[in-house]
Amino acid sequence: AAVVKQWRVRNSGRTSWPAGVRLAHVGGDDLRAQLDDALPADAAAGGVAPNAEVVLTAALSTPSAPGRYVSYFRLCAPNGKAFGHRV
């Protein structure tokens, strides 16, 4: 089965997030997250201004075995450097 997870996040920094920012899996269980469209197209293409909010979306595949599963994600700049808190 699949589940869609969303997070509303704010750029609390003093500079805009650069164009090309992406959401990346950084740890925990591999839930085969579909992250290609995690950021809205305008945010991915034009960055996110200070104090602006954006909704991140990840489509996750649920494991077939019952249990507790945890997966972690972070925003990454186009150069691959992660920033911000884990979600």
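Right, let's walk through the structure included here. (Residues numbered from 1 in each chain as written. Predicted model: local features only at pLDDT ≥ 70, side-chain atom pairs only at ≥ 80, totals over all residues. Heavy atoms only, no water.)

A few words on the overall build of the chain. Scanning the chain from N- to C-terminus turns up 1 helix and 5 strands. When the elements of the chain are put in sequence order from the N terminus, they spell out β-β-α-β-β-β. On the principal axes, the C-alpha backbone points of the chain span a range of 45 × 20 × 20 Å. For the chain, buried positions account for 28% of its 87 residues. Looking at the chain alone, contacts between residues at least 24 apart form 72% of all its contacts between residues at least 6 apart. Surface accessibility of the chain: about 5700 Å² in total, with carbon and sulfur atoms responsible for 49%. Of the side-chain charges in the chain, 10 are positive and 6 negative, and the distance between the mean point of each set is 10 Å. (Helix = DSSP H or I, 4+ residues; strand = E, 2+ residues; numbered from the N terminus. Buried < 20%, exposed > 50% of the residue type's maximum accessible area, 1.4 Å probe, protein only. Contact = heavy atoms within 4.5 Å. Areas by Shrake-Rupley, 256 points an atom, 1.4 Å probe, with all protein chains shown as cover. Lys, Arg positive; Asp, Glu negative; His and termini not counted. Charge placed at Lys NZ, Arg CZ, Asp CG, Glu CD.)

Attention now moves to the side chain of Ser71. Along the chain, Ser71 turns up in strand β4 (residues 71-76). Taking the relative accessible area as the measure of exposure, Ser71 reaches 15% and is therefore buried. Polar contacts involving the side chain of Ser71 include one to the main-chain carbonyl oxygen of Asp29, which spans 2.9 Å. (Polar contact = N/O pair within 3.5 Å; in protein donor to acceptor, adjacent residues only side chain to side chain.)

Moving on: the packing of aromatic side chains. Under the criterion given, the structure shown has 2 aromatic pairs. An angle of 55 degrees between the planes, with centres 5.7 Å apart, marks the rings of Trp7 and Phe73 as tilted. You can see Trp7 sitting in strand β1 (residues 2-10) and its partner Phe73 sitting in strand β4, a full 66 residues away along the chain. As far as burial versus exposure is concerned, Trp7 and Phe73 are alike and both buried. Against the face of Tyr72 rests Arg86, its NZ or CZ located 3.7 Å from the ring centre. (Phe/Tyr/Trp six-rings, centres within 6.5 Å; stacked < 30°, edge-to-face > 60°. Lys NZ or Arg CZ within 6 Å of the ring centre and 35° of its normal.)

Within a beta sheet, neighbouring strands are joined by backbone hydrogen bonds and run either parallel or antiparallel to one another. Within the open sheet, the 3 strands sit side by side as β2-β4-β5. Their pairing is antiparallel. Unpaired on one side and paired on the other, β2 (22-28) and β5 (82-83) mark the two borders of the sheet. Where β2 and β4 come together, 6 bridges link them in antiparallel fashion. Bridging from a neighbouring strand, Leu23 pairs with Leu75 of β4. (Pairing = 2+ DSSP bridges.)

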